[in-house]
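In case you want the letters, here they are:
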Amino acid sequence: MSSRRTVDVSRLPDITLDSGALFWWATAGLIAIEAMSFAIIIATFIYLRMTVTDWPPPTLPPPDLRWGIAGLVVLVISCVPIRMAEKIAGRGRPEEDRRRIAALIRVFLLIAAVAVAIRLLEFPGTHCKWNNSAYGSVIWTTLGIHLLEALAGFAEFAVVAAVLVGSHAEEKHLLDVRACALFWYFIVAVWIPLFGMIYVFPRLS
Amino acid sequence: MKDARSQRLGKSAERRRRRPRFSALLFLFPVTALLAAAACKGPAPPGGAGVPAAGPASGSAGSIPFPEPDESSWIRPAKDFSSSRYSTLDQIKSDNVANLKLAFTFSTGINKGHEAAPLVVNGTMYIVTPYPNYLYALDLTSPGAPAKWTYKPKTIPSAQGVACCDVVNRGAVYGKGRIYYNTLDDQTVAVDAATGQEVWRTRVGDINHGESITMAPLLVKGKVLVGNSGGEFGVRGWLTALDEDTGKVAWRAWSTGPDKDVLIGSRFKPFYASDRGADLGVSSWPGDMWKIGGGTVWGWISYDPQLNLIYYGTSNPGPWNPDQRPGDNKWTAAIFARDPDDGQAVWAYQWSPHDLFDYDGVNENVLVDLPIGGRTRKTLLRADRDGFLYVLDRETGEIISATPFAYTTTRTGVDLKSGRPIEVAEKTPHVGTTTRGICPAAPGGKDWQPSAFSPRTGLLYIPHNNLCQDEEGVQANYIEGTPYVGANVKMYAGPGGHRGEFTAWDPIAARPVWKIKEKFPAWSGALATAGDVVFYGTMEGWFQAVDARSGKLLWRFKCGSGIIGQPITYRGPDGKQYVAILSGVGGWAGAIVANNLDPRDGTAALGFVNAMGDLPTATTAGGMLYVFALP
Amino acid sequence: MKTSREPVRKPPAAPEPAPLPAALPEAELPAHEREELRRAFETQRGFFGSLKSVDHKVIGKRYVITALVFFVLGGIEAMTMRLQLAKPENSLLGPDLYNQVFTMHGTTMMFLFAVPVMEGLAVYFVPLMVGTRNVAFPKLNAFGYWIYVLGGAFVYGGFFLNRGNDTGWFSYVPLSGPQYAPSHRVDIWANMITFTEVSALAVAIEIIVTAFKQRAPGMSLNRIPLFVWSVITTNFMVIFAMPAVMLASGYLALDRLVGTHFFNPAEGGDPLLYQHLFWFFGHPEVYIIFIPALGMVSTILAASTKRPIFGYTALVLSVVATAFLGFGLWVHHMFATGLPQLGESFFTVASMMIAIPSGVQIFCWIRSLWGSRPRMTTPFLFVLGFFFIFIAGGMTGVMLASVPFNLQVHDTFFVVAHFHYVLIGGAVFPLFGALTFWFPKLTGRLLSETLGRWTFAVMFVGFNLTFGPMHWLGFRGMPRRVYTYLPEMGWGPANLAATIGAGMLGVGVLLFLINAARSLRSGEAAGNNPWGASTLEWATSSPPPPYNFERILVVSNRDPLWKPEEMAVVTGMRTDRREVLTTRPLDAEPDHRAVLVGPSIWPLFLAFALAVGLVGSVFTPWAILLSGFLFLVAMIGWYWPKGEPSGHNARTAS
Amino acid sequence: MRSKRAGRQLLVCAALAVLPVGCDKLSNSLHQPPSATVRTDAIAVSALEPGARMPGIVHKNPLEGNPFAISEGQRLYDWYNCSGCHFRGGGGIGPPLMDEFWIYGGNPANIYTTIVEGRPNGMPAFRGKIPDYQLWQIVAYVQSMRADKPIASPPGPREDHLQASEGKESR
Amino acid sequence: MSRRSGLPAAAAALLCAALSGCRGIQSSLDPAGREAAKISGLWWLFFYVCTAVFVLVLAFLFYGVFRRRSEDALGARERGKTYVAIGAGATAAILLLFLVVSVSAGREIAEPAGPDALKVQVIGHQWWWEVRYPASPANRTVVTANEIHVPVGRPVFLELLSGDVIHSFWAPNLHGKKDLIPGRINSHAFTAKKAGVFRGQCAEFCGLQHAHMAFTIFAETPERYSAWYEKQLAPAAEPSTPSQERGRQVFVSNSCVFCHAIQGTPAFGQVAPDLTHVGGRGTLAAGSVANNPGNLAGWIADPQSIKPGNHMPPMLMAPEDLLAVTDYLESLK
């Protein structure tokens, strides 16, 4: 009777590093919200574009490709150390791996800092300002919001790296690495359509 | 659904709906761009001076029908009735102009824009200054040309408040021993040329209506022809003939209103059907708006003594915002051919019916006889604000050709059958939206700055602009005596990034022969001489001479202030050829300097400030006469 | 069990299914472990301790109470408006104040009452209903509440300083744009939107993860209580709808504060873009409010009839279908803007189609009631009221989907009547039913049935008297949002009736509050399960202990408390730390034992950091920098390792 | 025109009618009541003051900084065609209003006086045509232009006006 | 259960109103136009069908709740499914009916107005309506405010624009509403079927005085309409009495001309209603008060007390000037 009426869970682990983790779900939820936000930004862009004849406005050249492409490439490259760190973290051995992971994250932080710096150059590369026209508004807002996202991802990793270097590193921080990596992939992935929207689309018309 | 919808919608609604279909426009763009590119190609290597093109750049391809033979004087700003600004003096030639030296100077003491041409008669030079419109007489027979006398008219300072674009004056005219000119506060004065005594003075307008006068009068058959300014103030434009001896009004031809006001009678035979009909000056306006409809006459007048016709243009309709004045808005932005004796109109043509962009029709009409189609035709050359160079038959008003000489996106051409411009609907400004990339901008492909024609080269030398603008239509409110515009404008440089050009145009082949790019709008007049040298000034202050055939820069002199005046040449009492120019930046283009405007507001000075933000670093204000001669 | 049709005055003292511990003695812990568990989950004492609370019950209760405070404020605003409109050319409020008041009413009811109260109940009851100890992210939960309170305080602070938004809860541009809405009224409002939406999004993640990952073992997807289903659906809608309004209000704030041109037609923007974004949120918002109420109706019906709701699968599917369709009909708020006809027809179809899932639900409920002889308790009366009002509102809703008809009644009092029928009938009546129903769980005490019945009767009559005549007013040409009208229009009597009705509605709410206050002081003790309901929240004491359940329960059917003999319990959970059992999303098989975070002040600090940015950016863009700095500090504090053991080096449970 | 002049005369007569002091000059020209001899509350147009400085009366704009007044002022600035000469503060026919150089003084009282009385070199006199509260609203707007901020990004309502492309290049 | 209230009560009130013949000049249930009639027909169909459904559903509900016999659990479930399916099917059928009638009505009222339609431009301002009748030649353009005259039987094609914020044009007796959106030009077409005077009102919240932004539509016989149109084309009447003469003088020399226009005088202001024929209008201040000398004088002297927040400033005038101006303006029929 008693055995039928109890379920013993004491043998279950108290952490998981895969998609079963609560934190993974939270990150996924956050990504869903962000994805929706970017979808609406893209919708805004398309809507505004449909209401005018000239895009960009007739006197403006399209945004400079130079820094745009550079930014895109650096962002994609930044995924490499993250992917490596994430793989190592997946082994679930905080003590052995934490320094290696932290080192990889430092490499990433460097690359990401370059990406952010390039983003700052992308703003003047639009040849307009946010208050010139709706075109400028939507381009600057998109660049800006994505920059904020990237800074958030950057800060997350900085905190994680700091924790990993410190003595409190635990298995759950490996989960943080994986969840932060997921978020960063999203940031990079979402930039691809946004890049097309900002840089390629005006050149098509 | 399909059919009905478009029918149901008004014209403008249709435009709105078509907007997303930008593909049509995209098609249009390359076409105009190509055209413009084709027009621009060839001429100017980066150095600024052009190279002669392959075509016939010389020979007597045209002739000035009514030259002014006396080269020791320069009695009206345009030199002759044909408005050629061509002198047969040839001491200064393309091979010796490099030696040109300063002969004497004279300060006017005024810091506003000096647009006037000096006059030279009987060894005396006369200079009209901007407001307060002093008249100086300089004795050319004495060394250094000291002032003989100064005439200071009594004027109302408040008139400065109704001058849209700086308090300029474009010059005087000489006749019968008197100098006639206009003051900003709507007076025409006749001053004894010898003594400087006022002969008569007539008030022809009222500043409280927003009227001012900036134009140079023309003396034709004993009548002083005067027109008003104030197209930006809801003024009703007119041309008035005053008796040269008494200053009494002989006739006044309004530009809008019923035919009896416009002096349209039985002799009126316009070439195009849309210009025929009774009282078009009323019926092409909503309600009473013709009474505040603009059409002022602030530009140049030409005269054909054979046909006994004067030619002059009328300004933009008021307000700029076209939504507020549906209809053709006759007779604004038009040209009239009138009999100077009674003012009766003989023909008229509207360059810009229902003008959309402040394309005043006041530019100079250069009367030239041109061999076209195997016969010599009496033509009228007009480099208009819309950026097109029109060749008109000056007997009938028929358009022979119309070709863009400046970069233009607003019009694709002129329908020679109906005489109406073919406008680009997407560039029409409307209330509540911003229309971008309007080229040429409001000051036009060419504003007032007069061109010169040389019969030796057969070329028309056009100082002009390369400006585009963005415009947002706003509801204009009419309050008597205040501006009436209804547009937020910001101008900027057209393709190439330079704001001015100096073009030598072959009117028969309808193409440019050479072009010189200028950093700032070429806002000064041009002068052509038989020495095959062409003079003009720049807004930085360079007074320069270029080769009439090649456009090669031969000589230049840096004056104290930017030049927006009109150069003249004359044979001095010593028999030498002199060239004179007033420097002193200002005018609409130079208002940022003359009025100390704030470049942070691009809409200032009707949007010109946006394009001229760097002018204050290039020049400063101050009026000064410079006269040059060979050593 | 009573068999007579006579209405029951009180719920039975000893409900039909026996209290759980009696039936399942294994569910109890040894006393010392219980004490350990209590210590692990307890909210710290004192004022500071209460600020640090991460207990979903504490936070849920705070949500509900705060939302009810806003409800009362919004109600006072509503009655002020009704007084102003009671007679033609009344001079109680000037146009400026009236515009602020009606804007505050709409804003309060939509953003500060309806959504938060539903979220609050979800935060309180979802963990209980799925049988877990706390929500998945307790700190995020606390943060969500704080940011909501700060947002509400911000906008009301503005209102009391004459900075209440006066451009309507929809705040259409250009009226709310920089040119026509000077001063910071709209800025405050626009940033308040961000506050509340951040809060709602935080809760959404919270609830979804809790409901998907922390269900009691055995509670597979097809055993989830209907209320939880409706809340899950709602929160998915939140995730997809709220970003639209955040961006709409964000663009508006940018247009106003830094001069962008999203909505300025003069510069290539378009005012209609705002409407599209706003209604892409605004219409789903109605369902976000209304779908949890459907769950409440099902819950109350089941408890009142003592039998499972008919058509569980159909109900779940209709709720999900409603959520999907809810995103496809925002344009029916914009029929008068002159959009292409074909598009309009599409939205007509979508708007009408939404009646089908609603119909299915109503038929399922009627079928559930068919011959069930339910007990006529107050919650059940509210559900009956819901049927009456909501069906009427649904009918007018179907009419509004028709483009031609919509063109006539859009933006008139007919629409005011319609959506109050839908929202008050569809959400507030079930909410009051649910508050009555769950009051014993929240407080341990029962509400007075007598007063409850009076509450219902007064509210029902008052409601219909208020909003019934408004249909007529709409037809007779009375537009919305007018602060007065001419006597010649003949709208006086109907408006007077509506005002009297509004007064009654107010009295009804007052009665409820009196009832609650009385009951808190001297109400009858409720016991674990006063209604004899079947869901897990009734398996624990009223009010529940900080850890909710002594042992996590294992369920094997949809109505576990009605078949306690089939229930099992989980053993092997540690009691010395905040441990919850996570299960797999589909079949709810145990997955791992996650450790939750404990009380923390950082959520409040983070909310404060964000508030500095949102409030300050109204006045200076530099506030964003300051806020960014505080945000960083908060994040570091938030994530700072506490040395709580986890992973392999932690001790395994006995 | 004639009607306008007549109207002005009418206005002047009306103004005289309310100033009895001006009318019976003959009867009482030797003795002036002290209060009527020196006006200290009039707005000084010059910064130069002969003799030692008098403690001046500070004229403040009652509506200074009031956002509603500024936005109303902006509307009136357009409706009454101030923008026709001064544009959005950069000037044109009239002098700029957004810089720190003021020909006739830049404090609110001076601006008020300039609008009411006009200035000789072109500023029309709006005397008797604009009610006082609107004058102060316009002054409030003019004052707000003068903030030492770049015109590109001031907060508040006036940003809604035309923003043209900065680009000089065209395709 | 209370039967005193709810939708049936509202509907009953509606029925009474409709049957008792108390006609509304701003009522969608007293259609005077082709489009409004179609919509009102639609409403009555909706009303009857929905009332039937409502009664039926509630009857089922209450029967189910209150009936004595207890349902046996087995077998009933299957039947229950059938009931629900039937119910859903019936719902879908009714919706389909609604959809068909609604879309077809929508298409009918959206039919193009045709080339012979009378074109009228309506421009919304805070808080009044500018009405223009564009014409060719341009000088046959008529400009008026807050009043629209239309001939009965001829389709009217409206071009709707806004000068500031979003407004909505709504004359319920003739047609539903259509928004006036800055930066867009919307179109709206209706045909008056009956002569009469109808009131309309702004239906989109547009700021402080949204409540006082009404207009009047005069549906007239074609002859009367033409007569009105020709009269509007004429410039303002010349003053015929010394008082009116003085009134005009005061008007043109005061700041009235800053905003208002009177054709035939030097008043060309374009930011406020054209007053050329103001004396012939029924109301003042966009339907706020009746047009009579008392109200007009009050409006000129203190417009803010009649319509607080509107853009007309109070005019400081001597009493006799005020009377003269009133006299003059009232003479502008």
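Think of each chain on its own: its residues are numbered from 1, step by step along the sequence as written. Following the order in which they are written, the chains are lettered starting with A and the ligands numbered starting with 1. With the structure being a predicted model, the display of local features is reserved for residues of pLDDT at least 70 and the display and counting of side-chain atom pairs for 80 or more, all residues being used for whole-chain, interface and lining totals. The basis for every side-chain value is the complete set of heavy atoms in the structure, and neither hydrogens nor water enter the calculation.

Trainee: An account of the packing of aromatic side chains is needed here, citing residue identities and associated values.
Mentor: Each pair of aromatic rings is reported with the distance of its centres and the angle of its planes. Note on aromatic contacts: the rings of Phe and Tyr and the six-membered ring of Trp form a pair at centre separations within 6.5 Å, being stacked when their planes are under 30 degrees apart, edge-to-face when over 60 apart, and tilted otherwise. On inspection of all chains with the given rule, the structure shows 130 aromatic pairs over all chains. With a centroid separation of 6.0 Å and an interplanar angle of 90°, the aromatic rings of C:Tyr156 and C:Phe159 are classed as edge-to-face. Separated by three residues within a single helix, C:Tyr156 and C:Phe159 lie in helix α6 (residues 138-160), roughly one turn from each other. One exposure class covers both C:Tyr156 and C:Phe159, and it is buried. The ring of B:Trp254 has B:Arg236 sitting right over it, with the charged end atom 4.2 Å from the ring centre. Lysine NZ or arginine CZ positioned within 6 Å of the ring centre and within 35 degrees of the ring normal marks a charge as sitting over the ring. Over the aromatic face of C:Tyr312 sits the side chain of C:Arg558, whose NZ or CZ is 3.8 Å from the ring centroid. Secondary structure elements are defined from DSSP: runs of H or I of at least 4 residues count as helices, runs of E of at least 2 residues count as strands, and each element is numbered from the N terminus. Burial classes follow relative accessibility: with a 1.4 Å probe on protein chains only, a residue under 20% of its type's maximum area counts as buried, one over 50% as exposed, and anything between as partly exposed.

Trainee: I'd like a rundown of the sheet that holds strand β17 (residues 334-338) of chain B, residues and numbers included.
Mentor: Residues and elements named next belong to chain B. Should DSSP find at least two bridges between two strands, the strands are taken to pair. Spatially, β15-β16-β17-β18 is the arrangement adopted by the four strands of the open sheet, whose pairing is antiparallel. Because the sheet does not close on itself, it has two edges, and the strands there are β15 (301-304) and β18 (345-350). Within the sheet, the average angular offset between the axes of one strand and its neighbour, ignoring direction, is 15°. Where β15 meets strand β16 (residues 309-313), four bridges bridge the pair, whose relative direction is antiparallel. Residue pairing for β16: tyrosine 303 is matched across the bridge by isoleucine 310. Axes here refer to lines fitted to C-alpha atoms; in helices the fit is confined to the stretch in contact. Angles between the N-to-C directions go from 0 to 180 degrees.

Trainee: Give a description of the packing of helix α12 (residues 355-369) of chain C against helix α13 (residues 378-400) of chain C that names residues and reports values.
Mentor: Residues and elements named next belong to chain C. Look at α12 against α13: their axes get within 12 Å of each other, and the N-to-C directions meet at 150°. One finds that α12 runs roughly antiparallel with respect to α13. Here α12 runs over α13; the crossing is left-handed. Mapping the contact onto sequence places Ala355, Ile362, Trp365 and Leu369 in α12 and Phe380, Phe386, Phe387, Phe390, Ile391 and Val398 in α13. Looking at the contact of α12 with α13 residue by residue, the class counts come to 10 nonpolar, no polar and no charged. We call two directions roughly parallel when the angle between them is under 35 degrees, roughly antiparallel when it is over 145, roughly perpendicular when it lies between 65 and 115, and oblique otherwise. Should the near helix be turned anticlockwise from the far one by less than a right angle, the crossing is termed left-handed; should it be turned clockwise, right-handed. We call two residues in contact when some of their heavy atoms are within 4.5 Å. Side-chain classes follow a simple rule in which Ala, Val, Leu, Ile, Met, Phe, Trp, Tyr, Cys and Pro form the nonpolar group, Asp, Glu, Lys and Arg form the charged group, and the remainder, Gly included, forms the polar group.

Trainee: For the interface of chain E and chain C, give the residues involved together with the corresponding values.
Mentor: Listed by partner, the interface residues are 93 residues for chain E and 88 residues for chain C. Throughout, the accessible surface (probe 1.4 Å) given up by two parts as they are put together, summed over both, is called the buried area. In total, chain E and chain C occlude about 7500 Å² of area from one another, counting both sides; carbon and sulfur atoms represent 71% of this. Any Lys or Arg side-chain nitrogen located within 4 Å of an Asp or Glu carboxyl oxygen qualifies as a salt bridge. There are three salt bridges connecting chain E and chain C. E:Glu204 serves as the salt-bridge partner of C:Arg481, at 3.8 Å between the closest nitrogen and oxygen.

Trainee: How would you summarise the pairing of β16(B) if you had to cite specific residues and measurements?
Mentor: A regular strand places its side chains on the two faces of the sheet in alternate fashion. Residues and elements named next belong to chain B. For β16, the buried fraction is high: five of the five residues fall into the buried class. Of the two faces of β16, the one carrying Leu309, Tyr311 and Gly313 and the one carrying Ile310 and Tyr312 are both buried. The hairpin turn running from β15 into β16, its antiparallel successor, is four residues long, and asparagine 308 in that turn takes a positive phi close to 55°. Looking at chain direction, β16 and β17 are connected through four bridges and run antiparallel. Note on β17: the bridge partner recorded for tyrosine 312 is phenylalanine 336.

Trainee: Describe a nonpolar patch on the surface, and please don't skip the residues or the numbers.
Mentor: Residues and elements named next belong to chain C. Together, Val72, Ile76, Leu510, Leu513 and Ile514 line one region of the surface with nonpolar side chains, adding up to about 400 Å² of accessible area. Listed by contribution, the elements that provide at least two residues to the nonpolar patch are α4 (56-85) and α17 (492-522). Top element by residues in the nonpolar patch is α17. It accounts for three residues. Only residues above 30% relative accessible area that lack a salt bridge enter a patch, with like-charged residues linked at up to 9 Å and the nonpolar side chains Val, Leu, Ile, Met, Phe, Trp and Tyr linked at up to 5 Å. To measure how exposed things are, a 1.4 Å probe is used in the Shrake-Rupley method; for residues, cover is taken only from the protein chains shown.

Trainee: Tell me about the confidence of the model for chain B, and please be specific about residues and values.
Mentor: Residues with a pLDDT of 70 or more make up 90% of chain B, whose mean pLDDT is 89. Here residues 1-59 of chain B is a poorly scored stretch, pLDDT under 50, and it has 96 contacts once near neighbours within four places are set aside; other chains count. One confidence number per residue, pLDDT, is output by the predictor and ranges from 0 to 100.

Trainee: How would you summarise the interface of chain B and chain C if you had to cite specific residues and measurements?
Mentor: Between chain B and chain C, the residue contacts involve seven residues of the former and four residues of the latter. Our enumeration of links across chain B and chain C arrives at one salt bridge. Close ionic contact of B:Arg436 with C:Glu267 constitutes a salt bridge, the shortest N to O distance being 2.3 Å. Polar contact criterion, stated in full: a pair of N or O atoms within 3.5 Å, where within protein one must be able to donate a hydrogen and the other to accept it, and residues adjacent in sequence count only if both atoms are side-chain atoms. Here chain B is connected to chain C by four residue pairs in polar contact (both at pLDDT 80 or more). Residue classes in the side of chain B that touches chain C are distributed as one nonpolar, three polar and three charged.

Trainee: Give a description of the state of the cysteines that names residues and reports values.
Mentor: Residues and elements named next belong to chain B. A pair of sulfur atoms, both from cysteines and within 2.5 Å, is called a disulfide here. With the rule as written, the count across this model stands at two disulfides over all chains. Each disulfide pairs two cysteine sulfurs, and for cysteine 164 the partner residue is cysteine 165, the sulfurs being separated by 2.1 Å. Here the disulfide of cysteine 164 and cysteine 165 is left-handed, its torsion about the S-S bond being about -95°. Residue cysteine 164 is classed as partly exposed on the basis of its relative accessible area of 24%. Residue pairing for cysteine 439: its cysteine sulfur links by disulfide to cysteine 468, the two sulfurs lying 2.1 Å apart. Sign of the S-S torsion, about 110° for the bond between cysteine 439 and cysteine 468, identifies this disulfide as right-handed. A residue pair is termed long-range when its members are at least 10 positions apart, and cysteine 439 in the loop between β25 (434-438) and β26 (452-454) and cysteine 468 in strand β28 (residues 467-473) qualify at 29 residues. Cysteine 439 gets classed as buried once you look at its relative accessible area, which sits at 2%.

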